[in-house]
Number of protein chains: 2
Amino acid sequence: MARKRTKPGKIRLTEVAKLAGVSPITASRFFRTPEALSINKRVRVESAAKELGYVPNLAARALASQRTEVIGVLIPSLTNNVFSDVLRGIYDAVDGSRYTIQLANTRYSILQEEKLLRVFLAQKPAGLIVTGIDQTPESRSLMEATDCPIVQLMEIGNNPVDMMIGFSHADACHAAISHLLDQGCRRIGFLGARMDPRVQRRFLGYQQTMKEAGLADPRLVVTTPLPTSVTLGGTLFADLLAKAPDTDAVFCANDDLALGVLFECRRRQISVPEQMLISGFNDLEFMASAVPTLTSVRTNRYEMGRTAATMVIDAMDGRRPEQRVVDLGYTVMVRQSTLRPGRSGRVAVERQSAAE
Amino acid sequence: MARKRTKPGKIRLTEVAKLAGVSPITASRFFRTPEALSINKRVRVESAAKELGYVPNLAARALASQRTEVIGVLIPSLTNNVFSDVLRGIYDAVDGSRYTIQLANTRYSILQEEKLLRVFLAQKPAGLIVTGIDQTPESRSLMEATDCPIVQLMEIGNNPVDMMIGFSHADACHAAISHLLDQGCRRIGFLGARMDPRVQRRFLGYQQTMKEAGLADPRLVVTTPLPTSVTLGGTLFADLLAKAPDTDAVFCANDDLALGVLFECRRRQISVPEQMLISGFNDLEFMASAVPTLTSVRTNRYEMGRTAATMVIDAMDGRRPEQRVVDLGYTVMVRQSTLRPGRSGRVAVERQSAAE
DNA sequence: CGACCGTTTGGTAGCGCTGTCAATAGTTCT
DNA sequence: AGAACTATTGACAGCGCTACCAAACGGTCG
């Protein structure tokens with residue numbers, strides 16, 4: 001006796017096909033390769049589907065076709081503004097396409113990342129977006145063994161697993177420090193929190209620039225593995241002043257820290273930029289609004305997410321990009337906080353772009 | 001002739017069962033209701049699965065069982081800090097469980113929300129988390145017709161679709177305004193951006209409190225449908241001062257606006273709190289770090305997300321909560337920006353909790 | 001006019017797993 | 001000891017869709 005597992009009211013592809021007067025497989029094709037149908041049938045299936053309010057069963061599709069339409073996204077943090085901008089770009093790009101995002105949070109742990117990667121790959125994602133270039137060797141092998149398109153995000157480097165989009169953190173930081181040097185600063189401090197790979201590369205950019213200028217001094221560097229915050233910016237700055245009271249400028253590895261430094265200066269009656277220059281990194285919205293306005297390095301986060309998702313989707317549809325590594329560049333947004341009064345400051349924006 | 005669609009190396013449940021010396025269905029049960037197996041078989045299946053590196057095929061499971069292990073989450077914004085905190089709570093709660101998050105962004109549109117809801121429901125999610133209580137009537141019907149657990153987030157009200165967790169925005173705002181009145185303020189401005197339902201309820205709380213005090217004045221209210229930003233806070237504050245130059249305090253519907261007001265005060269040499277009191281809403285991290293420190297209303301966003309996800313998971317596992325509506329309350333964090341010098345300010349935190 | 005070829009359509013047989021129900025083994029009770 | 005249960009296990013038949021192959025169709029060309 002036939003079991004009744006199927007609810008009678010349920011609309012399956014068969015029902016649509018019946019109403020349209022075609023075979024189920026033809027109806028199926030309408031949803032995947034409509035251009036393969038004659039106009040006649042195409043219209044018939046379309047109206048039948050609409051009339052019945054048909055919605056494809058994704059699980060059945062995935063099972064039958066042995067693939068999903070899911071793009072896995074691995075990011076280190078859900079809270080950090082940087083990633084929420086990237087995410088927004090990704091979701092915007094995917095919106096309207098037939099693909100779906102599966103998001104997971106690595107919490108800045110490459111072991112956690114590897115674990116999540118295994119989970120994702122087991123479900124045969126259509127594509128993958130991962131953050132950074134510092135995966136575990138196992139993660140790397142897993143990704144290389146996979147045939148779905150993969151984009152590495154936030155950085156650039158010379159051996160992408162597949163595709164890559166980002167910018168050089170070291171170069172961006174170099175540009176910011178050079179600007180401070182141009183302003184006549186000699187004792188430029190570095191403040192960094194969390195010290196994830198990207199912050200570390202910014203630090204390398206700082207260190208190299210200072211070394212080249214003959215100004216490197218370990219007392220000028222204050223970092224912590226703690227997650228970033230505005231409050232922490234104030235604390236780190238206090239530490240910096242304790243170690244190097246003659247500091248004349250601070251480069252903060254992100255904008256939260258910079259805001260914290262600004263507040264701490266105010267608390268200590270240190271005038272900015274007269275006595276202390278401040279630069280941040282990322283150019284969050286508030287930097288342009290602070291008093292004084294705060295210099296920062298603008299990165300194209302939304303664009304990065306959007307382009308990454310577009311690259312993945314294009315690759316899945318067989319349109320491989322001409323260049324596998326996309327450098328989105330950065331822009332040093334020079335503002336009041338790093339313009340020494342009396343100096344001939346280039347108030348204009350200093351642009352550093354992909355092509356260099 | 002049998003077609004070869006299955007790759008030879010692939011590990012299916014059948015392979016695991018064979019190695020363990022049990023039937024496939026028994027192996028299947030191991031992954032769903034291990035307690036139903038005898039210790040003997042449980043161990044055999046477990047080691048067989050591990051040896052083969054078996055990973056269940058979720059699509060097949062979903063198709064066969066007619067349900068998924070996906071929790072759909074609908075939030076209005078990916079950028080807003082408020083939601084990233086909530087999201088983090090949700091992801092943390094789901095982490096380790098067998099459930100998966102499917103996230104979608106309504107962009108503050110209830111029509112978009114309805115559309116996404118249809119997509120989600122068509123895939124038979126195990127549970128649903130939606131933002132707010134202002135769905136379209138169609139959305140409401142769709143949700144009521146569904147039998148999966150649903151949590152409405154960010155607000156409380158008296159007719160939940162299913163479950164609800166949040167706090168009263170009007171009450172929270174009332175508490176903040178009352179505090180300003182206590183400080184002797186009479187011309188308290190209201191600044192609001194985006195004006196989504198939650199901000200509107202905060203506005204109602206403001207309006208009612210002012211009316212009760214006999215201090216309501218439309219000139220004290222400046223709102224805009226534009227998305228919020230620090231810069232916008234400055235702009236709205238400028239508008240407010242133009243309309244009501246005698247304003248002695250500002251309540252900002254969120255903290256970004258409050259920070260913008262602080263900067264604008266600095267720009268205009270208005271001293272805080274001597275000449276102007278400022279209160280924000282949400283209590284983002286930077287509020288406690290600003291100079292002067294800024295008063296705000298703390299809401300338990302992370303907890304909200306975490307508890308919402310836990311409630312959904314518990315309900316799916318058959319553990320319905322004793323109370324369907326959970327009020328997480330709020331706390332007015334009184335700081336320097338709203339303490340009139342010379343006034344006997346209650347510097348301590350004023351707590352308003354669920355039980356009231 | 002029939003061979004030939006590209007386009008469109010349909011039939012068949014699963015994809016890998018689980019719901020349902022029946023069967024078997026193991027206990028307890030009268 | 002046999003009945004009456006309960007705890008385990010297994011057989012079977014799909015879930016709704018699509019890959020693969022074959023057939024039908026329509027037109028071209030020598």
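Structure shown above.
One structure accompanies this document, and this report is about it. Keep in mind that this is a model prediction, so the values were computed, not measured.

### Quick notes on the overall build of chain A
Helix and strand content of chain A: twelve helices and 13 strands. Within chain A, the proportion of its 356 residues that are buried is 54%. Sequence separation of at least 24 residues holds for 67% of the intrachain contacts in chain A that already meet a minimum separation of 6. A total accessible area of about 15800 Å² is found for chain A, and carbon and sulfur atoms account for 52% of it. Treating the 45 positive side-chain charges of chain A as one cloud and the 37 negative ones as another, the clouds have centres 9 Å apart.

### Remarks on the pattern of salt bridges
For the coordinates displayed, the defined rule picks out 48 salt bridges over all chains. Residue Arg140 of chain A is joined to Glu144 of chain A by a salt bridge in which the shortest nitrogen-to-oxygen separation is 2.9 Å. On the criterion of helical spacing, the pair formed by Arg140 of chain A and Glu144 of chain A is a turn pair, its members being four residues apart in helix 7 (residues 137-145). In this structure, the salt-bridge partner of Arg198 of chain B is Asp196 of chain B, at a minimum N-O distance of 3.7 Å. Each of the two residues, Arg198 of chain B as well as Asp196 of chain B, counts as buried.

### A word on the relation of the copies chain A and chain B
You can overlay chain A on chain B at an RMSD of 0.2 Å; the transform is a turn of 180 degrees with a shift of 0.1 Å along its axis. The transformation relating the two chain copies, once decomposed into turn and shift, fits a two-fold axis. Closest approach to the rotation axis among the C-alpha atoms of chain A is made by Ala59 of chain A, whose C-alpha sits 2.4 Å away. Interface residue correspondence from chain A to chain B reaches 98%, placing this contact among same-surface, isologous pairings.

### A short note on the sheet that holds strand 7 (residues 221-224) of chain B
All names here are of chain B. As summarised here, the arrangement of the four strands in space is 7-6-8-9, forming an open sheet in which the pairing is parallel. Across the chains shown, the open sheet's two edge strands, defined by having one partner strand only, are strand 7 and strand 9 (277-279). Going across the sheet, the axis of each strand differs from the next one's by a mean of 15 degrees, ignoring polarity. Bridge count for strand 6 (residues 188-193) against strand 8 (residues 249-252) is four bridges, and the pairing is parallel. Note that in strand 8 the partner of Leu191 across the bridge is Cys252. Against the sheet, helix 11 (residues 255-267) touches strand 6, strand 8 and strand 9, its axis set at about 160 degrees to strand 9.

### With respect to the packing of helix 8 (residues 169-182) of chain B against helix 9 (residues 197-212) of chain B
All names here are of chain B. Their axes nearest at 7 Å, the elements helix 8 and helix 9 cross at an angle of 40 degrees. It follows that helix 8 is oblique to helix 9 by the angle criterion. Judged by the twist between their axes, the crossing of helix 8 over helix 9 is right-handed. Judged by residue contacts, His169, Ala170, Cys173, His174, Ile177, Ser178 and Leu181 of helix 8 engage Arg198, Arg201, Arg202, Gly205, Tyr206, Thr209, Met210 and Glu212 from helix 9. Its residues placed into classes, the contact of helix 8 with helix 9 shows six nonpolar, five polar and four charged.

### A look at the packing of helix 2 (residues 24-32) of chain A against helix 3 (residues 39-52) of chain A
Residues and elements named next belong to chain A. In contact at an axis separation of 10 Å, helix 2 and helix 3 are set at 85 degrees when each is read in the N-to-C sense. In this view, helix 2 runs roughly perpendicular relative to helix 3, as classed from their interaxial angle. Where helix 2 approaches helix 3, its residues Ala27, Phe30 and Phe31 are matched on the opposing element by Arg42, Val45, Glu46 and Ala49. A class-by-class count of the residues in the contact of helix 2 with helix 3 yields five nonpolar, no polar and two charged.

### Comments concerning the interface of chain A and chain B
Contact residues are listed per partner, giving 44 residues for chain A and 44 residues for chain B. In this assembly, chain A packs against chain B so that about 3900 Å² is buried in total across both faces, 51% of it on carbon and sulfur atoms. Here chain A is connected to chain B by four salt bridges. Where Asp92 of chain B meets Arg107 of chain A, a salt bridge forms, and the shortest distance between an N and an O atom there is 2.7 Å. Seen at the junction of chain A and chain B, the total is 18 residue pairs in polar contact (both at pLDDT 80 or more). Those elements giving two or more residues to the side of chain A that touches chain B turn out to be helix 4 (58-65), helix 5 (81-94), strand 2 (100-105), helix 6 (110-122), helix 10 (230-243) and helix 11 (255-267) of chain A. Top element by residues in the side of chain A that touches chain B is helix 5 of chain A. It accounts for seven residues. Classifying every residue of the side of chain A that touches chain B by side-chain character gives 21 nonpolar, twelve polar and eleven charged.

### A short note on the protein's contact with DNA strand C
Close to DNA strand C lie 30 residues; Thr26 of chain A together with Leu13, Ser28, Arg32 and Tyr54 of chain B are nearest. Each atom of DNA strand C within 4 Å of the protein was assigned to sugar, phosphate or base; sugar and phosphate come to 70%. Here Ser23 of chain A contributes a side-chain N or O atom positioned 3.0 Å from a phosphate oxygen of DNA strand C. For DNA strand C, a phosphate oxygen lies 2.3 Å from a polar atom in the side chain of Ser28 of chain B.

### Points about the sheet that holds strand 6 (residues 188-193) of chain A
All names here are of chain A. With respect to topology, four strands assemble into an open sheet ordered 7-6-8-9, the strand pairing being parallel. The open sheet has two edge strands, strand 7 (221-224) and strand 9 (277-279), and neither has a second partner. Each adjacent strand pair in this sheet contributes to an overall mean axis angle of 15 degrees, direction not counted. Helix 8 (residues 169-182) rests against strand 6, strand 8 (249-252) and strand 9 of the sheet, and its axis sits at about 170 degrees to strand 8.

Scoring rules and cut-offs
- Residues numbered from 1 in each chain as written.
- Chains lettered and ligands numbered in written order.
- Predicted model: local features only at pLDDT ≥ 70, side-chain atom pairs only at ≥ 80, totals over all residues.
- Heavy atoms only, no water.
- Helix = DSSP H or I, 4+ residues; strand = E, 2+ residues; numbered from the N terminus.
- Buried < 20%, exposed > 50% of the residue type's maximum accessible area, 1.4 Å probe, protein only.
- Contact = heavy atoms within 4.5 Å.
- Areas by Shrake-Rupley, 256 points an atom, 1.4 Å probe, with all protein chains shown as cover.
- Lys, Arg positive; Asp, Glu negative; His and termini not counted.
- Charge placed at Lys NZ, Arg CZ, Asp CG, Glu CD.
- Salt bridge = Lys/Arg side-chain N within 4 Å of Asp/Glu carboxyl O.
- Least-squares fit on C-alpha atoms with pLDDT ≥ 70 in both.
- Pairing = 2+ DSSP bridges.
- Axes fitted to C-alpha atoms, helices over the stretch in contact; angles between N-to-C directions.
- Parallel < 35°, antiparallel > 145°, perpendicular 65-115°, else oblique.
- Left-handed = near helix turned anticlockwise from the far one by under 90°.
- Nonpolar A, V, L, I, M, F, W, Y, C, P; charged D, E, K, R; others polar.
- Buried area = accessible area lost by both parts, 1.4 Å probe.
- Polar contact = N/O pair within 3.5 Å; in protein donor to acceptor, adjacent residues only side chain to side chain.
- Near = heavy atom within 4 Å.

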